Amino acid sequence: MTFVVIRPSGELMIKSSYVRKYFLRKLIANVSSVITVKNWKADQGYVIVEGEGDINKLSHVFGISYYYTADEVNFSNIQELAVVTREKFKEIVKGKKFAVRVRRNGKHNFTSLDVAKEVGKELLPFSSGVDLNNPDVVVRIDILQNNAYLYSDEREGPRGFPVGSTGKTIVLFSGGIDSPVATWMMMKRGAKPLLLNVILGGDIQKKIIIEEVKVLREWSGGEKIKVYFVDGIKLSIYLANVNKFIRVIMLKRLMYKLADELGKKSGAYSITTGESLSQVSSQTMKNLFVSEFGINRPIFRPLIGMDKEEIVEIARKIGTFELSSKMPEYCIISSKNTVRARLGEVLEGENKLNVDIRAVLNQAEVVEI
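What counts and what doesn't
Residues numbered from 1 in each chain as written. Predicted model: local features only at pLDDT ≥ 70, side-chain atom pairs only at ≥ 80, totals over all residues. Heavy atoms only, no water. Helix = DSSP H or I, 4+ residues; strand = E, 2+ residues; numbered from the N terminus. Polar contact = N/O pair within 3.5 Å; in protein donor to acceptor, adjacent residues only side chain to side chain. Contact = heavy atoms within 4.5 Å. Patch = residues over 30% accessible without salt bridge, like charges linked within 9 Å, V, L, I, M, F, W, Y side chains within 5 Å. Areas by Shrake-Rupley, 256 points an atom, 1.4 Å probe, with all protein chains shown as cover. Salt bridge = Lys/Arg side-chain N within 4 Å of Asp/Glu carboxyl O. Buried < 20%, exposed > 50% of the residue type's maximum accessible area, 1.4 Å probe, protein only. Pairing = 2+ DSSP bridges. Axes fitted to C-alpha atoms, helices over the stretch in contact; angles between N-to-C directions. Left-handed = near helix turned anticlockwise from the far one by under 90°. Nonpolar A, V, L, I, M, F, W, Y, C, P; charged D, E, K, R; others polar. Phe/Tyr/Trp six-rings, centres within 6.5 Å; stacked < 30°, edge-to-face > 60°. Lys, Arg positive; Asp, Glu negative; His and termini not counted. Charge placed at Lys NZ, Arg CZ, Asp CG, Glu CD. Core = buried A, V, L, I, M, F, W, Y, C linked by side-chain atoms within 4.5 Å. Parallel < 35°, antiparallel > 145°, perpendicular 65-115°, else oblique.

Observations concerning the side chain of S220
Along the chain, the position of S220 falls in the loop between α6 (202–217) and β12 (226–231). A distance of 2.7 Å separates a polar side-chain atom of S220 from the backbone oxygen of E223. Not counting residues within four places of it along the chain, the set of residues in contact with S220 comprises V163, M187 and I225.

Description of a nonpolar patch on the surface
A grouping of L124, V130 and L132 is seen on the molecular surface, where their side chains present a nonpolar patch of about 270 Å² in accessible area. Following the sequence through the fold, L132 ends up in the loop between β6 (129–130) and β7 (137–144). Note on L132: relative accessible area 52%, which makes it exposed.

Brief notes about the sheet that holds strand β14 (residues 299–300)
Reading across from one edge, β14-β13-β10-β11-β12-β15 is the order of the six strands in this open sheet, with mixed pairing throughout. Since the sheet does not close on itself, it has two edges, and those belong to β14 and β15 (365–368), each with one partner. Where strand β13 (residues 270–272) lies against β14, two bridges are found, and the strand directions are parallel. Bridge pairing in β14 links I271 to I299. Across the sheet, helix α5 (residues 178–188) lies against β10 (167–172), β11 (191–199), β13 and β14, angled at about 160 degrees from β11, the strand it touches most. The sheet contacts of helix α8 (residues 247–266) involve β10, β11, β12, β13 and β14, and relative to β10 the element is tilted by about 155 degrees.

A short note on the packing of α8 against helix α12 (residues 343–353)
Across the interface, α8 lies against α12 with an axial gap of 10 Å and an inter-helix angle of 65 degrees. Crossing handedness for the pair α8 and α12: right-handed. Residue-level contacts link I249, M250, R253 and K257 of α8 to V346, L347, G349, E350 and L353 of α12. Taken together, the residues of the contact of α8 with α12 break down into five nonpolar, one polar and three charged.

Considering the packing of aromatic side chains
Throughout the structure, instances matching the rule amount to eight aromatic pairs. Summarising the aromatic geometry, the rings of F75 and F110 are spaced 6.3 Å apart at their centres and angled 50 degrees between planes, so their arrangement reads as tilted. Residue F75 is found in the loop between β4 (64–74) and α3 (78–89), and its partner F110 is found in the loop between β5 (97–105) and α4 (112–123); the two are separated by 35 residues along the sequence. Each member of the pair, F75 together with F110, is buried. Note on W184 and W219: the rings are 5.5 Å apart at their centroids and 90 degrees apart in plane angle, and the pair reads as edge-to-face. One end of the pair, W184, is in helix α5; the other, W219, is in the loop between α6 and β12, with 35 residues separating them in the sequence. We note that W184, like W219, is buried. An aromatic cluster of three or more residues is present, and its members are Y22, F23 and F161.

With respect to a negative patch on the surface
Taken together, the side chains of D307, E309, E310 and E313 define an acidic patch exposed on the protein surface. Relative to the helices and strands, E313 resides in helix α10 (residues 308–318).

Observations concerning the nonpolar core
Ranked by size, the top nonpolar core spans 34 residues in total, and within it L196, V230, L235 and L258 carry the most contacts. Contributions of two or more residues to this core are made by β10, β11, β12, α8, α12 and α13 (357–362). The greatest single-element share of this core, amounting to nine residues, is contributed by α8. Setting aside its immediate chain neighbours within four residues, L258 contacts L196, V198, V230, L235, I357, V360 and L361. Residues V163, F173, W184 and I210 belong to the second largest nonpolar core, which totals 32 residues.

Considering the packing of α8 against helix α9 (residues 285–292)
Across the interface, α8 lies against α9 with an axial gap of 8 Å and an inter-helix angle of 45 degrees. It follows from the interaxial angle that α8 and α9 lie oblique. Pair α8 / α9 crosses with right-handed handedness. Here α8 contributes I249, K252, R253 and Y256 to the contact with α9, which in turn contributes N287, V290, S291 and E292. In terms of residue class, the contact of α8 with α9 is built from three nonpolar, two polar and three charged.

Considering the pairing of strand β8 (residues 147–151)
In terms of residue burial, β8 counts as a mostly covered element, since five of its five residues are buried. Neither face of β8 is open: one carries N147, Y149 and Y151, the other A148 and L150, and all of them are buried. Inspection of the sheet shows β4 paired to β8 by four bridges, in the antiparallel sense. Bridge pairing in β8 places N74 opposite N147.

Quick notes on the side chain of S179
Within the element layout of this structure, S179 appears in helix α5. What makes S179 buried here is its relative accessible area of 3%. Setting aside chain neighbours within four positions, we find S179 in contact with V171, L172, F173, S174 and G274.

Structure, rendered in structure tokens:
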């Protein structure tokens, strides 16, 4: 059995006691989806897990700042702790420069520096000396009351909140570079995504989207991800007789309305898009205003202030870029667009379309991954 010590996200730990317990339970549920958890406890800002499995997978669990495997030592004085630490690290520091880093929580009759000095004194004869600035080996000790956790390798988590802890959001998911990144960023804030795709590219588009979702699923803890595929060809037929300069805006409004209706059915309180301000004509400030006019749910745009290079950097980091790059561009609605759609004209044209949003959504194909 291995002790895995987790330092949850700082913003999670400053919540009230009741709220913090809720987040921690969700965090452990998500941790349990990637490793086997036999037992766990929360202690002074840390979560101590007894478990087994590939802990590298914790790097994809939102809600974790840092984590490491450790030896747990119960001690009565720092001399006793120093001797145990010596036995663990004497071979590791042999012939190398080392440093001792100590963090301490609780009330003690010694300081962190006292522990570092005592441990350093025990290890010095086995090493080539102490180097506090550029050591070959770092001996790390976290002390929580009378328990100490000994380790050398601390790994970084993705921070944020556990997926599923802050509610559901409907994501307008095209499968291009932007929408998977927007989905990931909302997952980082604890949202459970439900993906809505208006499919215009047939089986090729659908296949790529499913592969992208499989990548995102690696970041979602125990939460499965549903994708709602709506027939975009049928929707495009409605737009055939509309002024070509506003067809894209009207299609976006249909997407927002579908997302709004899906939110009602699923209990999602928001809509998320991958829009970045003025990246394309439909994403100018005026067109965004017209597109979302009358939509009841708040629309989150986590990429709104990013440029394409910043978005691509995140896409590479999370593993969706290569798949998204294979997605063909589908411009069958219109090759002509305006950057300043007139709200009155759009609403008037929309009334003439008379699309039954609920019926369209009911005909969607649902895939759960």
